[in-house]
4 protein chains.
Amino acid sequence: MSKKETILKTAARLFATQGFEATTTIQLAREAGVTEPLIYYHFKGKDDLFTRIIDATFSEYFSRIDALEKKPASPFGQIRKLIELQYDIAEEMPDEVQLIANACPAKFNDSEGICAANVREYRRRLIGYLTRSISEGISSGEFAPVPLEETAILILSVINGIVRYGRMNPDPEKNLREAAVNFCRRSLIINNAHGS
Amino acid sequence: MSKKETILKTAARLFATQGFEATTTIQLAREAGVTEPLIYYHFKGKDDLFTRIIDATFSEYFSRIDALEKKPASPFGQIRKLIELQYDIAEEMPDEVQLIANACPAKFNDSEGICAANVREYRRRLIGYLTRSISEGISSGEFAPVPLEETAILILSVINGIVRYGRMNPDPEKNLREAAVNFCRRSLIINNAHGS
Amino acid sequence: MSKKETILKTAARLFATQGFEATTTIQLAREAGVTEPLIYYHFKGKDDLFTRIIDATFSEYFSRIDALEKKPASPFGQIRKLIELQYDIAEEMPDEVQLIANACPAKFNDSEGICAANVREYRRRLIGYLTRSISEGISSGEFAPVPLEETAILILSVINGIVRYGRMNPDPEKNLREAAVNFCRRSLIINNAHGS
Amino acid sequence: MSKKETILKTAARLFATQGFEATTTIQLAREAGVTEPLIYYHFKGKDDLFTRIIDATFSEYFSRIDALEKKPASPFGQIRKLIELQYDIAEEMPDEVQLIANACPAKFNDSEGICAANVREYRRRLIGYLTRSISEGISSGEFAPVPLEETAILILSVINGIVRYGRMNPDPEKNLREAAVNFCRRSLIINNAHGS
DNA sequence: GATGAATGAGTGTTCATTCAT
DNA sequence: TATGAATGAACACTCATTCAT
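The structure displayed is predicted, hence computed values, not measured ones.

About the thresholds
Residues numbered from 1 in each chain as written. Chains lettered and ligands numbered in written order. Predicted model: local features only at pLDDT ≥ 70, side-chain atom pairs only at ≥ 80, totals over all residues. Helix = DSSP H or I, 4+ residues; strand = E, 2+ residues; numbered from the N terminus. Contact = placed C-beta atoms within 7 Å. Axes fitted to C-alpha atoms, helices over the stretch in contact; angles between N-to-C directions. Parallel < 35°, antiparallel > 145°, perpendicular 65-115°, else oblique. Left-handed = near helix turned anticlockwise from the far one by under 90°. Near = placed C-beta within 6 Å. Nonpolar A, V, L, I, M, F, W, Y, C, P; charged D, E, K, R; others polar. Least-squares fit on C-alpha atoms with pLDDT ≥ 70 in both. Core = buried A, V, L, I, M, F, W, Y, C linked by C-beta atoms within 7 Å. Buried ≥ 20, exposed ≤ 12 C-beta atoms within 10 Å, placed from the backbone. Expected span 1.5 Å × (residues − 1). Domains from an automatic or database assignment.

Participant: With reference to specific residues and values, describe the overall build of chain A.
Facilitator: Secondary structure summary: chain A contains nine helices and zero strands in total. Order of helices (α) and strands (β) in chain A, N terminus to C terminus: α-α-α-α-α-α-α-α-α. Looking at chain A alone, contacts between residues at least 24 apart form 67% of all its contacts between residues at least 6 apart.

What follows is the structure, given as structure tokens:
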């Protein structure tokens, strides 16, 4: 891994665990095994580092969601896939995901609002994806007639909740992923056979 | 309101909206309409302010949960009441609630771990409350045979999700509170008649 | 003891042990069992407290030296009495004496030079006293023909040295007082019988 | 001289003349011709500066005393050399010597007791050196049978006294160095011919 | 005589950032 | 690429002191 990449990875980890403000450039330099000026050779500054990490993470998110939309599936299959996708991403890049979950609100009104724009777009896409899936499910009679957007928000809440929980309590025994899928299924599908 | 209280309230608001580290004492003093040294006359320092806000908020939480446990209700009635309680508290003291939701993880390993201890106790109580309610519901045949703790965590996720959403998108038109109750009800109760 | 006196005594102790600058008014208030504003009711401020302690201590010194001069004694008897006087004062008011020994040089160029003036006067009197005694002793053939002022300074050095030593090493077994008298006697008196 | 050295030298001078507490970092920066943060780039802080100066000064002292012990001399020759050594050091590095003489007692109980440990070692060495010399002199019949340790302390007092005096009254006419040597010689040596 | 509340001016220290090499 | 040295701006915090009561 190049030094530039090391800086990025280390920054993501420190920003995620300590917060953006609490991470100093000298600490970042030390933990990345470089000197401070080198950070400024590769990046414009601390904000630039933050922005790049956020942007890259959301990019990854967006392309994954796009990929998801192209694969046909049943209404609940789509929802299941979204839950699983979030879980997978959180396992692949836990630092970046936590960074987005925690630090973003704090930097919401920031300089160029880069973070806020990303978050809005992210919500827009996820809610759109879920709204469409739920709508389909209701139309086909598969789902109960739930309110569209509210339910989308609730499913998102479940997703965020388990991702957060997994970060703070790394307990491999609990199968939250499966439990979350079932929890949502039972709530949506009109069917006497629970957990089928 | 005394100047001491003004400082506390202002600190809660700033810590919640900007984060602990990003809030400077001079800014706090200005927005509270006092001089900087007065903060140090009434409090030991920035950390002390933070700790007191956290402690007071969790105290309020705990006493409310305790009060809840004393009122008898049906299994789902208990869960409904918890959801509504969280919503109410978030409306009463939105700054403090957001502060706990956002800043706490960042200060988790802090000095005396005051925040961490509170968060653990808080989770323990809520999960305990929910686990008992779910267990009762399953025993009485009212609820589907869901995994206890996982389901408790998922319900908590729903609660936290809507509280967070309500903070970031203050949209009085959406009735997330009612939607959340129904979402959980459908997922738990064995009953053909949805949304009744 | 009145609160005013308590403040003075406590200030002398703290100034002596920690230094003037390192002693804060709040610490002084706490250790004296009063509140800060009371210090300002009785005294003009920290500097005023310092000045009064210094002045009172030197006053005491001066009146004691004056009293000494009035009692007739042999040349070495006079010197012996001065050594013993210093030792006595240091035991009576150890804080004040140490304050003068340590803190004064640091405040030498201070505001009104009150300390410096006192120190100069103090040196002038002691050196004058010793010079006269030595001069007498030489004239009478009792003392060796030592240089007057230099020897006076050296005797003062011995005095200051044992006072300082006694403060830092409170060791009642060593009889430094007697040893100092003998040390000076042997150096001054022309006589084969040492230590008589 | 590098900026780092300039900071050290300036700090020694200011600490010595004004005291540690009364010297501010901004004043130190100005008088050293650097900016404040540079002090913190080269040193950990004000305390670190103080400690380093003290340590370096005592190191110099110790190595000089060690060198002294290796040169053979008569009992009084040894004592004479010690007096002259102290005088020399005080002329070479007057700031550092005064710093040790004045500021140390105030910082005696400080943080890691670095100063106290040095002072104890310093006293131990000097008193040991003097005790041995006096003991030799008494054994050989050259010295009067004076009490060992007390006399060592008194000689040290004479040394410290003239060093202090020389600092406060820079008067090149008085030959205190020679007077001190003679003062001690007369007090120790059994001999009718004084001042020979 | 005595105090709780309050403050202007300053403290030591750290920050993200730059420059010369 | 890479760095040792350096800095302007800001930081949390403390000081001696005052005022209204």
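That covers the picture; the talk isn't over yet.
Participant: Which residues make up the packing of helix α4 (residues 46-70) of chain A against helix α7 (residues 114-139) of chain A, and what values go with them?
Facilitator: All names here are of chain A. As a packed pair, α4 and α7 sit with axes 10 Å apart at the nearest point and diverge in direction by 15 degrees. In this view, α4 runs roughly parallel relative to α7, as classed from their interaxial angle. Our pair here, α4 against α7, has a crossing hand that is left-handed. Together, Thr 51, Ile 54, Asp 55, Phe 58, Tyr 61, Phe 62, Ile 65 and Glu 69 of α4 and Ile 114, Cys 115, Asn 118, Tyr 122, Arg 125 and Tyr 129 of α7 make up the contact between the two elements.

Participant: Please provide a residue-by-residue account of the protein's contact with DNA strand F, values included.
Facilitator: Neighbouring DNA strand F are 32 residues, the closest being Pro 37 of chain A, Thr 24 and Gly 45 of chain B, Gly 45 of chain C together with Pro 37 of chain D. When contributions to the surface near DNA strand F are tallied by element, the ones reaching two or more residues are α3 (36-42) of chain A, α2 (25-32), α3 (36-42) and α4 (46-70) of chain B, α2 (25-32), α3 (36-42) and α4 (46-70) of chain C together with α3 (36-42) of chain D. Here the surface near DNA strand F is built from residues that sort into 14 nonpolar, eight polar and ten charged.

Participant: Which residues make up the interface of chain C and chain D, and what are the values?
Facilitator: One frequent convention defines the size of an interface as the accessible area lost when the parts assemble. The partner chain D presents 32 residues to the 31 residues of chain C that form the contact. Counting only elements with at least two residues in the side of chain C that touches chain D, the list comes to α6 (94-106), α8 (148-168) and α9 (176-188) of chain C. Its residues assigned to classes, the side of chain C that touches chain D comprises 16 nonpolar, ten polar and five charged.

Participant: Break down the relation of the copies chain C and chain D for me, with residues and values.
Facilitator: By a simple turn and slide, chain C fits onto chain D: the slide is 0.1 Å along the axis, the RMSD is 0.1 Å, and the turn is 180 degrees. With respect to symmetry, the two chain copies, as superposed, fit the operation of a two-fold axis. Of every C-alpha in chain C, the one belonging to Ser 187 of chain C sits nearest the axis of rotation, 2.0 Å from it. Same-surface contact between copies: 100% of interface residues of chain C are shared with the interface of chain D.

Participant: Tell me about the nonpolar core, and please be specific about residues and values.
Facilitator: Ranked by size, the top nonpolar core spans 92 residues in total, and within it Val 158 of chain C together with Val 158 of chain D carry the most contacts. Excluding residues that lie within four positions of it along the chain, Val 158 of chain D makes contacts with Leu 154, Ser 157, Val 158 and Gly 161 of chain C together with Ala 180, Phe 183 and Cys 184 of chain D.

Participant: Give a description of the protein's contact with DNA strand E that names residues and reports values.
Facilitator: With respect to spatial proximity, 33 residues lie near DNA strand E, and among them Gly 45 of chain A, Pro 37 of chain B, Pro 37 of chain C together with Thr 24 and Gly 45 of chain D are the closest. Listed by contribution, the elements that provide at least two residues to the surface near DNA strand E are α2 (25-32), α3 and α4 of chain A, α3 of chain B, α3 of chain C together with α2 (25-32), α3 and α4 (46-70) of chain D. Top contributing element to the surface near DNA strand E by residue count: α3 of chain C, with five residues. Residue composition of the surface near DNA strand E, grouped by class: 14 nonpolar, nine polar and ten charged.

Participant: Kindly report on the interface of chain B and chain A, identifying the contributing residues and their values.
Facilitator: With 32 residues of chain B at the interface, the matching set in chain A holds 31 residues. Within the residue set of the side of chain B that touches chain A, elements represented by two or more residues are α6 (94-106), α8 (148-168) and α9 (176-188) of chain B. Among the elements that line the side of chain B that touches chain A, the one with the most residues is α8 of chain B, at twelve residues. Here the residues of the side of chain B that touches chain A sort into 16 nonpolar, eleven polar and five charged.

Participant: A description of helix α1 (residues 3-18) of chain D should follow, citing residues and the corresponding values.
Facilitator: Residue and element names in this part refer to chain D. For α1, which comprises 16 residues, the first-to-last C-alpha distance of 22 Å matches the rise-based estimate of 22 Å (1.5 Å per residue) to within 8%. Among all positions in α1, only Ile 7, Leu 8, Thr 10, Ala 11, Ala 12, Leu 14, Phe 15 and Ala 16 are buried. Just past α1, the residue Gly 19 takes up positive phi, approximately 95 degrees.

Participant: If you had to explain the packing of helix α1 (residues 3-18) of chain B against α4 of chain B to someone new, which residues and values would you point to?
Facilitator: All names here are of chain B. It is at 10 Å that the axes of α1 and α4 come closest, and there the two elements cross at 90 degrees. Compared by their axis directions, α1 and α4 come out roughly perpendicular. Residues Leu 8, Ala 11, Ala 12 and Phe 15 of α1 pack against Leu 49, Phe 50, Arg 52 and Ile 53 of α4. Its residues assigned to classes, the contact of α1 with α4 shows seven nonpolar, no polar and one charged.

Participant: Any details on the environment of Leu 28 of chain D? Residues and values, ideally.
Facilitator: Residues and elements named next belong to chain D. Locating Leu 28 in the fold gives a position in helix α2. Looking at Leu 28, the number of C-beta atoms within 10 Å reads 20, which means it is buried. Once the C-alpha coordinates of Leu 28 and Lys 46 are considered, the two residues, 18 residues apart in sequence, prove to be 9.9 Å apart. Once you skip the residues sitting within four places of it in the chain, Leu 28 turns out to touch Thr 10, Ala 11, Leu 14, Thr 23 and Ile 39.

Participant: Explain the environment of Thr 35 of chain D to me, using residue names and the numbers behind them.
Facilitator: Note that Thr 35 of chain D resides in the loop between α2 and α3. Expressed as a C-alpha distance, the spacing of Thr 35 of chain D and Ile 83 of chain D, which sit 48 residues apart in the sequence, is 41 Å.

Participant: So what about the environment of Gln 98 of chain B? Which residues, and what values?
Facilitator: Residue and element names in this part refer to chain B. With respect to the element layout, Gln 98 can be found in helix α6. The sequence separation of Gln 98 and Ala 12 amounts to 86 residues, and the corresponding C-alpha distance is 9.2 Å. Those residues in contact with Gln 98 that sit more than four places away from it in its chain are Ala 16 and Arg 167.

Participant: Can you tell me about the arrangement of the chains, naming the residues and giving the values?
Facilitator: There is a gap between chain A and chain C: no contact, and a shortest C-alpha distance of 32 Å. Taking C-alpha atoms as the reference, chain B and chain C come no closer than 12 Å and do not contact one another.

Participant: Can you break down α4 of chain B residue by residue, with the values?
Facilitator: For α4 of chain B, with 25 residues, the first-to-last C-alpha span of 37 Å sits near the 36 Å given by 1.5 Å per residue. Taken together, the buried positions of α4 of chain B are occupied by Leu 49, Phe 50, Thr 51, Ile 53, Ile 54, Thr 57, Phe 58 and Tyr 61 of chain B.

Participant: Give me the lowdown on the domain arrangement of chain A, citing residues and values where you can.
Facilitator: All names here are of chain A. Annotation of chain A at the domain level lists domain 1 (1-43) and domain 2 (46-188). Between the C-alpha centres of domain 1 and domain 2 there is a distance of 27 Å. The residue makeup of the side of domain 1 that touches domain 2, split by class, is seven nonpolar, two polar and one charged.

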